[in-house]
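If you want the building blocks of each chain, they are given just below.
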Amino acid sequence: MSNLTVDKEAFHRRMKRLYTHWKNASGDDSFAKIDAMIVAVGVDEEVIYSKSTSLQTWLFGYELTDTIMVLCEEKVLFLASKKKADFLKQVEVGKENENGIPPITLLIRDKGDKDKTNFEKLMEAVKTSKNGKTIGEFSKDRFPGDFMDQWRAVLEKAGLDKIDVSATTAYLLAPKEESELTLVKKSSLVTCTVFSKYYREQVMEIVDADKKVKHFKLADGIEESITNKKFTQGVDPALIEMCYPPIIQSGGNYSLKFSVVSDKNNLHFGIITCAFGTRYKSYCSNIVRTLMVDPPQAVQDNYEFLLGVEEDVISKLQHGVRLSDVYTNAVKAVKAKRPELVEHLTKNFGFAMGIEFREGSLLIGGKTSAMARKGMVFNVNVGLADLQNKEAKEEQGKKYALFIGDTVIVNEGEPATVITPVKKRVKHVGIFLKDEDESGDEDEVNGAAGPVLLGRGKRSAVLDNKLRNEMTSEEKRRQHQVELGARLNEEARQRLSQQNSRESSEKSVKSTVSYKSRSLIPKEPEVTGLQLFVDRKYETVILPIFGIPVPFYIATIKNISQSIEGDYTYLRLNFHHPGSAMGRETTFSNPEATFLKEVTYRSTNLKEPGEAAAPSSNLNTAFRLIKDVQKKFKTREAEEREMEGIVKQDKLIINSNKGNPKLKDLYIRPNIVQKRISGTLEAHTNGFRCNFRYRTSFAQFSVRFCRFIYGSFFSADLRRCVATRWTSCTTTSSMRSSSRATAR
C-alpha cells in the first residue's frame, strides 16, 4: 500500500464532522448514548455493502481489511498490519488536538500473542473514554475470520453495553461534499450512456428482428458493456462496476424490487422493465426505465400518470422536508386523481444512496421521520404492479407493471436535480410497430400528432416471414442462391482488397505481465534475500535490481549465457527491446518506456567456512531453470502457431446403418497424402467422413455439417466434378485448410 495516498484535508474535515456531531448529539440520537465507537472490518468477499467499509471509504478513500478503529473521546486508535499502519501514518496527528481531531495512535498487529496485548490497549482506551460503559457499533456487520472472532470474544468478556449507530452514521454520511457529487455525476453519466447506447439499442434490435433472447443474457450484456471504453468515455473502466446485477423483466413476471435477479425466460414483446446502476470509485448511481412495445392507450395513460407521480416526488424532495411528508403528499395526489391505482403503488418511492447503494434508514416512505438535507443523493423510483391489460392477445401480456426511477440530488429551496436525464416520455420509450403496406398518406396525416417511433418504424422480420411463406420451394432455392452469390462476391472483393496488407497485419499482442497483483509475488528466501529466483508456475525470472526484486516474464528474455572466469561465475541476460534484431518484429505496448537491454551478475565460486554451497550455486541453478522454462515456453509457442486456424469440432456421430449415403471414387484437393488417391465420402448423423487408403497408409478427413459455409449444387451435364467448400477442420493426418472435395 506504499503507493496509495490519502486526501489528508478530506480526512481531517470528515473526521472533525463526525466528532462535532458526536459532541453535539442529544436526545434520541444514538451518538448521545455512547462512550466510544468501534469499527471493525474483516475479510469477506461476499459482502459488497456495509457501514464499516462505507465509513472507511468515506474517511480514507479505500477499504482496510482486518483493521479495527476505536474512536474515543480524547484519542483515536487503529489496530492494523504494518503495511496498513504505514498507510495510516499519512493522517496521523500530533500529541495535541489538530483540526478538532483527537491524537491518533497506531498499533501494529502482533500475531505472536494473537494480539492479546493490543486488545488490552484498545479496551483500556474504551473504558477511559467518558463513562466507559457503552460502545457504538454497526450491529449488522459481523465479518468472519479468526481476527474478528478474537476481537468479538474480548468485547463479550468486557460486558459493555452496545448500541447500533448505523442509522445515525448513515444520516451523517448522506449529505455529499462537492467532490463526492462529482463522482456520483460521473457514475450517472456511465449509467445513462449504457442505457441509451447499449441496452435500448439491443432491445430495439431484438424486437425488430424478432429474436428470442433470455432476460439474464441481456443482463449479462449490460454488465459486459461497462468494460467497453465506448460506453465509459471520460472515466477509467477499471474503476467502474455494477451496483447489483441488472434486472430485466417482461412477460407478466414482475417484482419491483432491487433484490431480484433476471430470470431465464425469453424477452416478451410487451412491457419490459429494466433497472441497473453503476459505481464509480465506490459511489453509486441508478436508473429504472420501462420500454413498451405497441402499448394500448390505457397502458400509455397509466404510464403518463406514473411519470407525473415521479415528477411530484422530485419536486417535493427539498432541503428541510421530511421524507414521510414527500411520500404522503404523493399518495394523496394519487388518491385524488386515480384512487384505483393506490393499491398498485410501490411501498416506498426510493431511498438515499452514496457509497452504499440502498440506505434502509432513509427510505422515502410513510414511516421515515428524517429530513432531506442539501447534497443528499436519492434514488427516486415509483412503480405500479399487478396491472391488467384487457386488450392483450397473449396470456403473457395480460398482467404488467410499470417502473420508473432516477438518481437525484437534493437542493435548497428548489426541486431536486435529476442527474440521469434519459428521456422517458411515451414517445421516447414506446416501440410502435407498423407494417410497410400502411399508406404513406396516413403517415403524413397522423405523423405530426402521433408519437415518435422508436426504431425503424417497421418489423422487418414479420414482413420477411410473410414473403417467405408465399414462395414456392424452387423460388426459395433460387433466392437463396442469389444471396449466396452476392455474399461470395463481396467476400472475394474484400479479400482481394486486403491481399497486399494481409502479411503485414499485426497479431494480437500477448501480455508480458508476470503478476497481476503484488500479492502473487513469491515469498521465497531467494526473493527476500535478493538472489535470482525462477518462478516456473508463472514463467517468470525475479532479478534483484537496485535492492528490489523485479519480475521479468520469460518472453522478455532474448538469451542467456554463463561463463566462469577465475574464481567468479558470470551470468548474462539479454532482453528484447525496441531496436533489437528480434524486437523489430515485436510490438511493444509502450515503446517510449525505458527498457533494460542486458544485465550481468557475478558471484564467487569460493565457499566460505560454514556455507553449504558456494554463492555461485544460485547463478548455476538460475541458469539451468531459465533454460528449462525458455524451452517449455518456446515449445508451447510453436504448438500454438501450428494450431492457429484449427477449428474445434464436435465428435462425429457415426451412423451404423449400412444404407447411409456414400460417394465412391472421390478425390480431395489439396492432397492429404503424398500421392493422389481416391476414397469414399460417407454421410453420418452430424457430418461427413472421407476415408482414403493407399497400400499400408490410411487417412481420414471429417467435417461437421455445422462447419459448412456454402453448399453449391452443379448439374453433372458436361462437368467432371462437384465442388464443396467448408471452413478449417481437423483431420487425422493433422492437415487443415479450406478444402474442396472432387468427385467424378
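Residues numbered from 1 in each chain as written. Predicted model: local features only at pLDDT ≥ 70, side-chain atom pairs only at ≥ 80, totals over all residues. Heavy atoms only, no water.

1. Some words on the overall build of the chain
Thought 1: What the chain contains, in helices and strands, is 17 helices and 29 strands.
Thought 2: Carbon and sulfur atoms provide 49% of the accessible area of the chain, an area that totals close to 42,000 Å². (Helix = DSSP H or I, 4+ residues; strand = E, 2+ residues; numbered from the N terminus. Areas by Shrake-Rupley, 256 points an atom, 1.4 Å probe, with all protein chains shown as cover.)

2. Comments concerning the sheet that holds strand S23 (residues 568–575)
Thought 1: What the 3 strands build is an open sheet, ordered S22-S23-S24; its pairing is antiparallel. Edge strands, defined here as strands with exactly one partner in the open sheet, are strand S22 (557–565) and strand S24 (598–604). Strand-to-strand twist in this sheet, taken as the mean axis angle between neighbours without regard to direction, amounts to 15°.
Thought 2: Relative to S23, S22 is paired through 8 bridges, and the arrangement is antiparallel. Note on S23: the bridge partner recorded for isoleucine 560 is leucine 573.
Thought 3: Together, S22, S23 and S24 form the strand contacts of helix H17 (residues 617–643), whose direction differs from that of S22 by roughly 150°. (Pairing = 2+ DSSP bridges. Axes fitted to C-alpha atoms, helices over the stretch in contact; angles between N-to-C directions. Contact = heavy atoms within 4.5 Å.)

3. Notes on helix H6 (residues 166–173)
Side chains three or four residues apart in an α-helix point the same way, a direct result of the helix having 3.6 residues per turn.
Thought 1: Summarising burial for H6: 6 of the 8 residues are buried, a large majority.
Thought 2: As for H6, its buried residues are in contact with helix H1 (8–24), strand S1 (36–41), helix H2 (51–60), strand S5 (134–137), strand S6 (161–164) and strand S14 (359–363). (Buried < 20%, exposed > 50% of the residue type's maximum accessible area, 1.4 Å probe, protein only.)

4. Observations regarding the packing of aromatic side chains
Thought 1: Enumeration according to the criterion identifies 18 aromatic pairs in this entry.
Thought 2: Judged by centre distance (5.8 Å) and plane angle (80°), the rings of tyrosine 62 and phenylalanine 87 are edge-to-face. Separated by 25 residues along the polypeptide, tyrosine 62 in the loop between H2 and strand S2 (67–71) and phenylalanine 87 in helix H3 (residues 82–88) bring together distant segments of the chain.
Thought 3: Measuring from ring centre to ring centre gives 5.7 Å for tyrosine 244 and phenylalanine 258, while their planes differ by 70°; the resulting arrangement is edge-to-face. Of this pair, tyrosine 244 sits in the loop between strand S7 (240–242) and strand S8 (247–249) while phenylalanine 258 is found in the loop between S8 and strand S9 (271–276), placing the two residues 14 residues apart along the sequence.
Thought 4: On the basis of relative accessibility, which here comes to 8%, the residue tyrosine 244 falls in the buried class.
Thought 5: Taking relative accessible area as the criterion, phenylalanine 258 reaches 16% and is therefore assigned buried.
Thought 6: Ring pairing ties together the aromatic residues Tyr244, Phe258, Phe351, Phe357 and Phe403, which thus form one cluster.
Thought 7: Sitting above the plane of the phenylalanine 351 ring, arginine 358 keeps its charged end 5.6 Å from the centroid.
Thought 8: One Lys or Arg, arginine 602, reaches over the ring of tyrosine 568 and ends 4.1 Å from the middle of that ring. (Phe/Tyr/Trp six-rings, centres within 6.5 Å; stacked < 30°, edge-to-face > 60°. Lys NZ or Arg CZ within 6 Å of the ring centre and 35° of its normal.)

5. Topic: the nonpolar core
Thought 1: In terms of nonpolar packing, the biggest core is built from 145 residues, with Leu55, Ile68, Tyr199, Leu317 and Phe378 touching the most fellow members.
Thought 2: In contact with tyrosine 199, not counting residues within four places along its chain, are Val194, Leu218, Ile222, Ile248, Ile272, Thr273, Cys274 and Leu291.
Thought 3: In terms of nonpolar packing, the next biggest core, distinct from the first, is built from 20 residues, Val534, Tyr553, Ile557 and Ala622 among them. (Core = buried A, V, L, I, M, F, W, Y, C linked by side-chain atoms within 4.5 Å.)

6. Let's talk about the sheet that holds strand S19 (residues 533–535)
Thought 1: Strand order in this open sheet of 3 strands is S19-S20-S21, and the pairing throughout is antiparallel. This sheet does not close on itself; its edge strands, each paired only once, are S19 and strand S21 (548–553). The mean inter-strand angle of the sheet, taken between neighbouring strand axes irrespective of direction, is 30°.
Thought 2: Pairing analysis gives 3 bridges linking S19 to strand S20 (residues 540–545), with the strands arranged antiparallel.

7. A look at the packing of helix H4 (residues 116–127) against helix H5 (residues 146–158)
Thought 1: Between H4 and H5, the shortest axis-to-axis distance is 11 Å and the interhelical angle comes to 45°. In terms of axis orientation, H4 runs oblique to H5. Our pair here, H4 against H5, has a crossing hand that is right-handed. Contact residues: H4 offers Phe119, Leu122 and Met123, while H5 offers Phe147, Gln150, Trp151, Val154, Leu155 and Ala158.
Thought 2: Each residue belonging to the contact of H4 with H5 can be placed in one class, and the counts come to 8 nonpolar, 1 polar and no charged. (Parallel < 35°, antiparallel > 145°, perpendicular 65-115°, else oblique. Left-handed = near helix turned anticlockwise from the far one by under 90°. Nonpolar A, V, L, I, M, F, W, Y, C, P; charged D, E, K, R; others polar.)

8. Looking at the pairing of strand S3 (residues 76–80)
Thought 1: Taking burial as the measure, the 5 residues of S3 include 5 buried ones, the bulk of the element.
Thought 2: Burial of the side chains of S3 extends over both faces: Val76, Phe78 and Ala80 are buried on one face and Leu77 and Leu79 on the other.
Thought 3: One ladder, built from 4 bridges, connects S2 with S3; its direction is antiparallel. Counted as the bridge partner of methionine 69 is phenylalanine 78 from S3.
Thought 4: Where S2 folds back on S3, the antiparallel hairpin that results is connected by 4 residues.

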